[in-house]
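The lines below spell out each chain.
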Protein chains: 2
Amino acid sequence: MHIDPVNILKDHDLKHTKQRVRVLEEIALDTVAISQPELEKKLGKEIDRVTLYRILNTYEDKGILHRIMDMNGTANYAICSSSCTEHHHHDEHVHFNCSNCQKIYCLDVKIPNIKMPPGFTASSINTTAYGICEKCSAGMKAD
Amino acid sequence: MHIDPVNILKDHDLKHTKQRVRVLEEIALDTVAISQPELEKKLGKEIDRVTLYRILNTYEDKGILHRIMDMNGTANYAICSSSCTEHHHHDEHVHFNCSNCQKIYCLDVKIPNIKMPPGFTASSINTTAYGICEKCSAGMKAD
DNA sequence: AATAACAATGCAATAAAATTGCATTTACTA
DNA sequence: TAGTAAATGCAATTTTATTGCATTGTTATT
């Protein structure tokens, strides 16, 4: 799947601006989620801090990005699967948060069904595993 | 199970101070997790903001409290089960975050085993469901 | 292509949340 | 009960997030 920022914007009735395109490009670069502070570092010279906040928020609202909170309460963003809509996110896959490099992976593993106790109605669910990722466990052997 | 702050402190080699006792008392009041801002509101007159931060941190380090991040990146705290130690938390139960009252419940539901992809080694896992809790769904009928 | 309408951006100011250093107070030990 | 070390409170600072408004840029229409 190839990401085309311009089409994504069109599909969601968002105006085409260079800042919005840049944000999507940057996030599409890697398959892992990128944190808000990292984005800020990378795009800080091109895009105002406040604008970045606003772009990320509208992308989340529109179902273009999904937001994953890490252990420290930092927001991380990844591109949504095509099934996400403005009204409901379908990021029901397991996340993996590496405690070494802090990266958050969207794993190709579905969240198992979990039965809620009487009275509790779940509309969405998130599970994230913490540990050492692929790259770090390879790298740690080498170093 | 009855919570005795004084014994908890002793068991973990922590000095007995009235601030530490108050924090534990406050958290033990309810079975649901309480957010850092709520604690601050409740204890703000008795305990300095900074002290509260420090107490919560040491409690987490010692395995007395576990911290659950909600959707907004706000820290919530609940008393750990007895099996938690200084070196490893065992809060491997499902959390439920009510989108109405924002409360976080520690459900008596174990997280199912999830097989990680090759190269990924998980040392802990967290799953939280979002939706409407028991009390809110009852209350919403009434109101 | 020009322009009108409106949305997005950047900047400045403000607010909120978290952290640090240090003087004072408090708890535990001998 | 005196000494020691740790915990607390306060002030200052830093970091993160939010708001208002003037300016710029995008799109639809002619």
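I will try to describe carefully the structure that is included in this document. (Residues numbered from 1 in each chain as written. Chains lettered and ligands numbered in written order. Predicted model: local features only at pLDDT ≥ 70, side-chain atom pairs only at ≥ 80, totals over all residues. Heavy atoms only, no water.)

## Some details on helix H4 (residues 49–62) of chain B
Residue and element names in this part refer to chain B.
Next up, step 1: Counted at 1.5 Å a residue, the expected span for H4 with its 14 residues is 20 Å, and the 20 Å between its end C-alpha atoms agrees.
Next up, step 2: Those residues of H4 that fall on the buried side of the exposure criterion are Leu52, Ile55, Leu56, Tyr59 and Glu60. Taken end-on, H4 shows its buried residues confined to a sector of 130 degrees, consistent with a single buried face. For H4, exposure combined with an orientation more than 90 degrees from the buried face picks out Arg54 and Asp61.
Next up, step 3: Buried residues belonging to H4 abut helix H1 (5–11), helix H2 (18–28), helix H3 (36–43), strand S2 (65–69) and strand S3 (75–79).
Next up, step 4: The backbone nitrogen of Val50 has a side-chain oxygen 2.9 Å away, supplied by the residue at the start of H4, namely Asp48. (Helix = DSSP H or I, 4+ residues; strand = E, 2+ residues; numbered from the N terminus. Expected span 1.5 Å × (residues − 1). Buried < 20%, exposed > 50% of the residue type's maximum accessible area, 1.4 Å probe, protein only. Arc of directions from axis to C-beta. Contact = heavy atoms within 4.5 Å. Polar contact = N/O pair within 3.5 Å; in protein donor to acceptor, adjacent residues only side chain to side chain.)

## Thoughts on the sheet that holds strand S2 (residues 65–69) of chain A
All names here are of chain A.
Next up, step 1: The three strands lie next to each other as S1-S3-S2, forming an open sheet whose pairing is antiparallel. Two strands close off the open sheet at either side, each with one partner strand: strand S1 (34–35) and S2.
Next up, step 2: In the packing of helix H2 (residues 18–28) onto the sheet, contacts are made with S1, S2 and strand S3 (75–79), and the angle to S3 comes to roughly 90 degrees. (Pairing = 2+ DSSP bridges. Axes fitted to C-alpha atoms, helices over the stretch in contact; angles between N-to-C directions.)

## A word on the protein's contact with DNA strand D
Next up, step 1: The local shell around DNA strand D holds 19 residues, among which Tyr53 of chain A together with Thr17, Gln19, Thr51 and Arg54 of chain B are the closest.
Next up, step 2: Contact distances for DNA strand D include 2.9 Å between a phosphate oxygen and a side-chain N or O atom of Arg20 of chain B.
Next up, step 3: In the environment of DNA strand D, a phosphate oxygen lies 3.2 Å from a nitrogen or oxygen atom belonging to the backbone of Asp48 of chain B.
Next up, step 4: Among the elements of the structure, helix H4 (49–62) of chain A together with H2 and H4 of chain B are those that each provide at least two residues to the surface near DNA strand D.
Next up, step 5: Grouping the amino acids of the surface near DNA strand D by side-chain chemistry returns five nonpolar, six polar and eight charged. (Near = heavy atom within 4 Å. Nonpolar A, V, L, I, M, F, W, Y, C, P; charged D, E, K, R; others polar.)

## Here we look at the protein's contact with DNA strand C
Next up, step 1: Around DNA strand C, the surrounding shell holds 18 residues, and the nearest of these are Gln19, Thr51 and Arg54 of chain A together with His16 and Tyr53 of chain B.
Next up, step 2: Backbone atoms, meaning sugar plus phosphate, form 67% of the atoms of DNA strand C positioned within 4 Å of the protein.
Next up, step 3: Between DNA strand C and Arg20 of chain A there is a distance of 2.9 Å, counted from a phosphate oxygen to a side-chain nitrogen or oxygen.
Next up, step 4: Within the side chain of Thr51 of chain A, a nitrogen or oxygen atom sits 2.9 Å from a phosphate oxygen of DNA strand C.
Next up, step 5: For the surface near DNA strand C, the secondary structure elements donating two or more residues are H2 and H4 of chain A together with H4 of chain B.
Next up, step 6: Residue composition of the surface near DNA strand C, by class: five nonpolar, five polar and eight charged.

## Some thoughts on the interface of chain B and chain A
Next up, step 1: Counting residues at the interface gives 34 residues for chain B and 34 residues for chain A.
Next up, step 2: In this assembly, chain B packs against chain A so that about 2500 Å² is buried in total across both faces, 64% of it on carbon and sulfur atoms.
Next up, step 3: When residues of chain B are sorted by the area they lose upon contact with chain A, Ile114, Phe120 and Tyr130 of chain B head the list and together hold 22% of the total.
Next up, step 4: Inspection of the region where chain B meets chain A yields zero salt bridges. (Buried area = accessible area lost by both parts, 1.4 Å probe. Salt bridge = Lys/Arg side-chain N within 4 Å of Asp/Glu carboxyl O.)

## Some remarks on the pairing of strand S4 (residues 93–98) of chain A
The side chains of a regular strand alternate, residue by residue, between the two faces of the sheet.
Residue and element names in this part refer to chain A.
Next up, step 1: With six of its six residues buried, S4 lies for the most part within the structure.
Next up, step 2: Two strands pair when backbone bridges link them, and S4 and strand S5 (residues 104–110) are joined in this way by four bridges, in the antiparallel orientation. Within S5, the residue paired with Phe96 across the bridge is Tyr105.
Next up, step 3: Taken together, the four bridges between S4 and strand S6 (residues 121–132) define a ladder with parallel strand orientation. Looking at S6, one finds that His95 is bridged to Thr128.

In short, shape yes, function no, at least from these values alone.
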